[in-house]
There are 2 protein chains.
Amino acid sequence: MPVNLQPPAAGTLLPINGVLLGTAEASIKKPNRKDLLVMQLTPQATVAGVFTQNRFCAAPVIVAREHLASGKGIRALVVNTGNANAGTGEQGLAAAHATCAEIANLLDCEAEQVLPFSTGVIMEALPLPQIIAGLPICVAGLREDNWLNAAHAIMTTDIIAKAVSRQTTLAGKTVTITGIAKGSGMIHPNMATMLGYIATDAAVAQPLLQQMVKHASDASFNCITVDGDTSTNDALMLIATGKSEAPVITDAQGAAFEKLQAAVTEVAILLAQAIVRDGEGATKFITIKVEGGKSVAECRQIAYAVARSPLVKTAFFASDPNLGRILAAIGYAGIDLDVQRLKLYLDDVLVAEHGGRAASYREEDGQRVMQQSDITVRVVLERGVASATVWTCDFSYDYVKINASYRS
Amino acid sequence: MPVNLQPPAAGTLLPINGVLLGTAEASIKKPNRKDLLVMQLTPQATVAGVFTQNRFCAAPVIVAREHLASGKGIRALVVNTGNANAGTGEQGLAAAHATCAEIANLLDCEAEQVLPFSTGVIMEALPLPQIIAGLPICVAGLREDNWLNAAHAIMTTDIIAKAVSRQTTLAGKTVTITGIAKGSGMIHPNMATMLGYIATDAAVAQPLLQQMVKHASDASFNCITVDGDTSTNDALMLIATGKSEAPVITDAQGAAFEKLQAAVTEVAILLAQAIVRDGEGATKFITIKVEGGKSVAECRQIAYAVARSPLVKTAFFASDPNLGRILAAIGYAGIDLDVQRLKLYLDDVLVAEHGGRAASYREEDGQRVMQQSDITVRVVLERGVASATVWTCDFSYDYVKINASYRS
């Protein structure tokens, strides 16, 4: 069950002027569930995105990258769940292009103005007829106040839809940001997770929007892991419709850029954390902070070693303060640490120092923290001033169950 | 249950002239099980070893390294299970030294001539009184024909004792090699796994013995992974007693060195594979071969990405040919692959080529192979002549169960 994660409350999701959303039940993998989404954008919108670094990246990732680079204004995004269209070779590329062409036909734009996205099982052919049949239904249902349905339409093994809105003011004018994401397994993003979409009615020049989405993804989706598996389909897209009354942002040093970037990043972090809280089989949400390092890179390397360790993750599942496993993971992270200087905390409990168990540590204190559903592991290296945070979940029977039966 | 792994048959384990072994039930973690081992070596024996690269290496690893480096002839090894004596700081070092001192007292040698080893839970104090009480029992029971009991005395979550003997001839004289190992979880050795001991009655100069143990561990224990967690206590020791009639080996280019090294490496590979076959919760034994790479390093990197992927491992557990997960793992391994050139085979079945599913691939062929208990994944990169092999197992409910209850 998701860890301290509630579905978006009714009325908390704010529409974005300039973005229309429509969904359909296209029976791509299973009948009777929303599995297809079309987002139509106002012609003046700017769009930026980051994509997976996986070499076996999916056909829609290749096509979306090309279409973004074409410089033609993006008019629509299409997302299907139930099939990743990855590891599908030339046939997969053709299916992604055909999907874009059909939307271009329905919305009267060019195919290059459409960005395709897919999520689901890898190395199976995309069921193009079902998608082509579903697209007119999506288009017929396009409306502004449809973000919650959109969040549902992109889910795979997710239990809870992930969506959040925030508002801020730029030059005295209110701007709104709404984002949705999906993801539960194959989560160890290396650019962004499959799939996140954040839209704002602010106006942002495209190069600045690209800078903003990179910053937001580095601070959010690039800080999470469920199972250490980097997806073939990861993508985070940021859309700025320019429909608010706030002036267009063209200065990366300006206050408006900073303020909007902070709000977008907050939305991205909430969505990324929601993915971990709804991680496959998760029963605990774990924040791993590594502080006092020589560089952010070494702090991240240590945090990810702990976050990926199956032994650490099963100990959290058992609420067992078998915390030597955390020391072992820190020790094999590949950094030339002086373990005598290092301190390990579980929430506020000092667990280890001077290369071993802290004199003040009592098992019952560790046990108390381990029984919580939200836990912070803090590693203080005492060799510099850099720090990094990674969010992860535990490893349960249900993770194995979900992934031993995913295709059936 | 262990995968196609039988206990050593009676009479197949050959004694090594110059090595005496004694065990005890010392109640280190639980009563009524062998958990302490002493090996006494003839004064002329040479000893070499490789140890974990984990920065949080255990106290006995630190002491054993020091004692090996002292240059005094090693006269005894002592191994306890039930407690790793890792993450124990100064107190742990004192306990390891006290153990060596007590054996030196019992066997009339110096403490520096004793190598200590521990395995079990991390960051708990070594129960020294139990160990001190058990050592005289071990010494009283020292005998040559005791390798099977020794293999049992070092087990933790192992189900089956791991031991194997081989014989070869050097200069017309028969020499014997016998090895034991333990390990089932926290298995991703980076030098050698916790714990392996191989002894031969051949005579080998110490620097050559060190070269030989490095070669053997690189070809065996350094090619396996169960859960990606590198232990704090890994060690592989190679002992040459010189008690056979074969001449002493002093030439690393000679035929005798090559022949003995090949036999020692074969023993090491069988022991390392036994550890994977008895990996925690394992139901499948999986060989991952990556061929046609630019370097061994890149082949190993790809093989380990596949071997460590929880999604790949749960698919094997389910006997589900969800083989796109293997492509995804290859894709995120961090190598700049041209996925169009790559071929993926499951045993002899060509699964993927040209960036997607092979035209000849039929699901029922993949299904047939996935249902086997021994499976080979072969990845052909077609960009060089290097290759590497990694052995691993699947990821089951029982892995979670074992590691969610290990301390209780």
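Residues numbered from 1 in each chain as written. Chains lettered and ligands numbered in written order. Predicted model: local features only at pLDDT ≥ 70, side-chain atom pairs only at ≥ 80, totals over all residues.

Peer 1: Before we go on, may I ask you to explain the overall build of chain A in this structure?
Peer 2: Assigned secondary structure in chain A consists of 11 helices and 16 strands. In summary, chain A has a C-alpha radius of gyration of 22 Å against a globular reference of 22 Å for 408 residues, a match within 12%. Within chain A, buried positions represent 61% of all 408 residues. Within chain A, contacts between residues at least 6 apart in sequence are counted, and of these 82% link residues at least 24 apart. (Helix = DSSP H or I, 4+ residues; strand = E, 2+ residues; numbered from the N terminus. Rg over C-alpha atoms; globule rule 2.2 N^0.38 Å. Buried ≥ 20, exposed ≤ 12 C-beta atoms within 10 Å, placed from the backbone. Contact = placed C-beta atoms within 7 Å.)

Peer 1: It is not clear to me how helix H2 (residues 89-107) of chain A should be interpreted in this structure. Could you clarify?
Peer 2: One turn of an α-helix holds 3.6 residues; hence residues three or four places apart share an orientation. For H2(A), spanning 19 residues, the distance from its first C-alpha to its last is 28 Å, which sits close to the expected 27 Å at 1.5 Å a residue. Those residues of H2(A) lying buried are A:Gly89, A:Gly92, A:Ala95, A:Ala96, A:Thr99, A:Cys100, A:Glu102 and A:Ile103. Buried residues in H2(A), looked at end-on, bunch into an arc of 160°, giving them a common side. Across H2(A) from its buried face, at more than 90 degrees, point the exposed residues A:Glu90 and A:Asn105. Those residues of H2(A) hidden inside the fold are in contact with strand E2 (36-41), helix H1 (59-69), strand E4 (76-83), strand E5 (114-121) and helix H3 (128-140) of chain A together with strand E14 (356-357) of chain B. Remark: A:Asp108 follows H2(A) within two positions and exhibits a positive phi of approximately 60°. (Expected span 1.5 Å × (residues − 1). Arc of directions from axis to C-beta.)

Peer 1: Quick question: what am I supposed to make of the sheet that holds strand E12 (residues 343-346) of chain A here?
Peer 2: Strands in a sheet are paired, the pairing made by backbone hydrogen bonds, and the direction either parallel or antiparallel. All names here are of chain A. Pairing within the open sheet is mixed, and its seven strands lie in the order E9-E16-E11-E15-E12-E13-E14. Across the chains shown, the open sheet's two edge strands, defined by having one partner strand only, are strand E9 (224-225) and strand E14 (356-357). For strand E13 (residues 349-353) and E14, the ladder comprises two bridges, and the chain directions are antiparallel. Looking at E14, one finds that Ala352 is bridged to Arg357. (Pairing = 2+ DSSP bridges.)

Peer 1: Could you clarify how one ought to interpret the interface of chain A and chain B in this entry?
Peer 2: Bring the parts together and some accessible area is lost; that lost area is often taken as the interface size. On the side of chain B, 54 residues touch chain A, which itself brings 54 residues to the contact. If you list the elements that add at least two residues to the side of chain A that touches chain B, you get H2, helix H8 (310-317), helix H9 (324-331), E14 and helix H11 (397-403) of chain A. It is H9(A) that contributes the most residues to the side of chain A that touches chain B, seven residues altogether. Looking at the side of chain A that touches chain B residue by residue, the classes come out as 24 nonpolar, 23 polar and seven charged. (Nonpolar A, V, L, I, M, F, W, Y, C, P; charged D, E, K, R; others polar.)

Peer 1: How should I be thinking about the relation of the copies chain A and chain B in this particular structure?
Peer 2: Mapping one chain copy onto the other needs a rotation about an axis and a shift along that axis. Mapping chain A onto chain B leaves a residual RMSD of 0.0 Å; the transformation is a rotation of 180° accompanied by 0.0 Å of translation along its axis. Expressed as a symmetry operation, the mapping of one chain copy onto the other fits a two-fold axis. In terms of proximity to the rotation axis, the leading residue of chain A is A:Tyr397, whose C-alpha is 2.8 Å off the axis. By residue overlap, the copies meet face to face through one surface: 100% of the interface positions of chain A are interface positions in chain B. (Least-squares fit on C-alpha atoms with pLDDT ≥ 70 in both.)

Peer 1: Honestly, the environment of A:Gly92 in this entry has me stumped. Any pointers?
Peer 2: Its location among the elements puts A:Gly92 in helix H2. Each C-alpha atom of the pair A:Gly92 and A:Ala58 lies 8.2 Å from the other, and the pair is 34 residues apart in sequence.

Peer 1: Where do I start with the environment of B:Ser387 in this structure?
Peer 2: All names here are of chain B. For Ser387, the location among the structural elements is in strand E16 (residues 386-393). Exposure remark for Ser387: the 18 C-beta atoms within 10 Å place this residue in the partly exposed category. Between the alpha carbons of Ser387 and Glu291 there is a distance of 4.3 Å; along the sequence they are 96 residues apart. Apart from the residues lying within four places of it in its own chain, the contact partners of Ser387 are Lys289, Val290, Glu291, Gly293 and Cys299.

Peer 1: Mind showing me how you'd approach the pairing of strand E7 (residues 173-181) of chain B here?
Peer 2: Residues and elements named next belong to chain B. Counting buried residues in E7 gives seven out of nine residues, a clear majority hidden from the surface. Across nine bridges, the pairing between strand E6 (residues 162-170) and E7 is antiparallel. When the sheet's bridge partners are listed, Thr169 is paired in E7 with Thr174. In this antiparallel pair of consecutive strands, E6 and E7, the connection spans two residues, and Ala171 shows a positive phi of 50°.

Peer 1: Whenever I open this one, the packing of H2(A) against H3(A) confuses me. Can you help?
Peer 2: The angle between the axes and the distance between the axes are what describe a pair of packed helices. All names here are of chain A. Put simply, H2 and H3 touch, their axes get as near as 10 Å, and they point 25° apart. One element, H2, and the other, H3, form an angle in the roughly parallel class. Note that H2 runs across H3; the crossing there is right-handed. For the pair H2 and H3, the contacting residues are Ala95, Ala98, Thr99, Glu102, Ile103, Leu106 and Leu107 in the first and Leu128, Ile131, Ile132, Leu135, Pro136 and Val139 in the second. Among the residues forming the contact of H2 with H3, the class breakdown is 11 nonpolar, one polar and one charged. (Axes fitted to C-alpha atoms, helices over the stretch in contact; angles between N-to-C directions. Parallel < 35°, antiparallel > 145°, perpendicular 65-115°, else oblique. Left-handed = near helix turned anticlockwise from the far one by under 90°.)

Peer 1: So what exactly am I meant to see when it comes to the nonpolar core here?
Peer 2: A general tendency of soluble globular proteins is for nonpolar side chains to be buried together. Counting 292 residues, the largest nonpolar core has A:Leu37, A:Val306 and B:Val306 as the members making the most contacts within it. Beyond its immediate sequence surroundings of up to four residues, A:Val306 is in contact with A:Ile288, A:Val312, A:Ile326, A:Ala329, A:Ile330 and A:Val377. (Core = buried A, V, L, I, M, F, W, Y, C linked by C-beta atoms within 7 Å.)

Peer 1: Could you clarify how one ought to interpret the domain arrangement of chain A in this entry?
Peer 2: Residue and element names in this part refer to chain A. The domains assigned to chain A are domain 1 (19-277) and domain 2 (285-403). Taken over C-alpha atoms, the centre of domain 1 sits 33 Å from the centre of domain 2. On the side of domain 2, 11 residues touch domain 1, which itself brings 10 residues to the contact. Of all the secondary-structure elements, those providing two or more residues to the side of domain 1 that touches domain 2 are E9 and helix H6 (255-277). (Domains from an automatic or database assignment.)

Peer 1: For this particular structure, what's the right way to read the sheet that holds strand E15 (residues 374-380) of chain B?
Peer 2: Residues and elements named next belong to chain B. Read from one edge to the other, the open sheet built from seven strands follows the order E9-E16-E11-E15-E12-E13-E14, with strand pairing classed as mixed. The outermost strands of the open sheet, each flanked by one partner alone, are strand E9 (224-225) and E14. Relative to E15, strand E11 (residues 285-293) runs parallel, the two being bridged by seven bridges. Within E15, the position partnered with Ile288 by the bridge is Val377. Along the sheet, helix H7 (residues 296-308) makes contact with E9, E11, E15 and E16, crossing E16 at roughly 20°.

Peer 1: What is the right way to read the pairing of strand E3 (residues 46-51) of chain A from this model?
Peer 2: For a regular strand, the rule is simple: side chains alternate between the two faces of the sheet. All names here are of chain A. Within E3, six of the six residues are buried, which leaves the element mostly enclosed by the surrounding structure. Side chains of E3 alternate between two faces, with Thr46, Ala48 and Val50 and Val47, Gly49 and Phe51 buried alike. Taken together, the six bridges between E3 and strand E10 (residues 235-240) define a ladder with antiparallel strand orientation. Pairing of Val47 across the sheet is with Ile239, part of E10.

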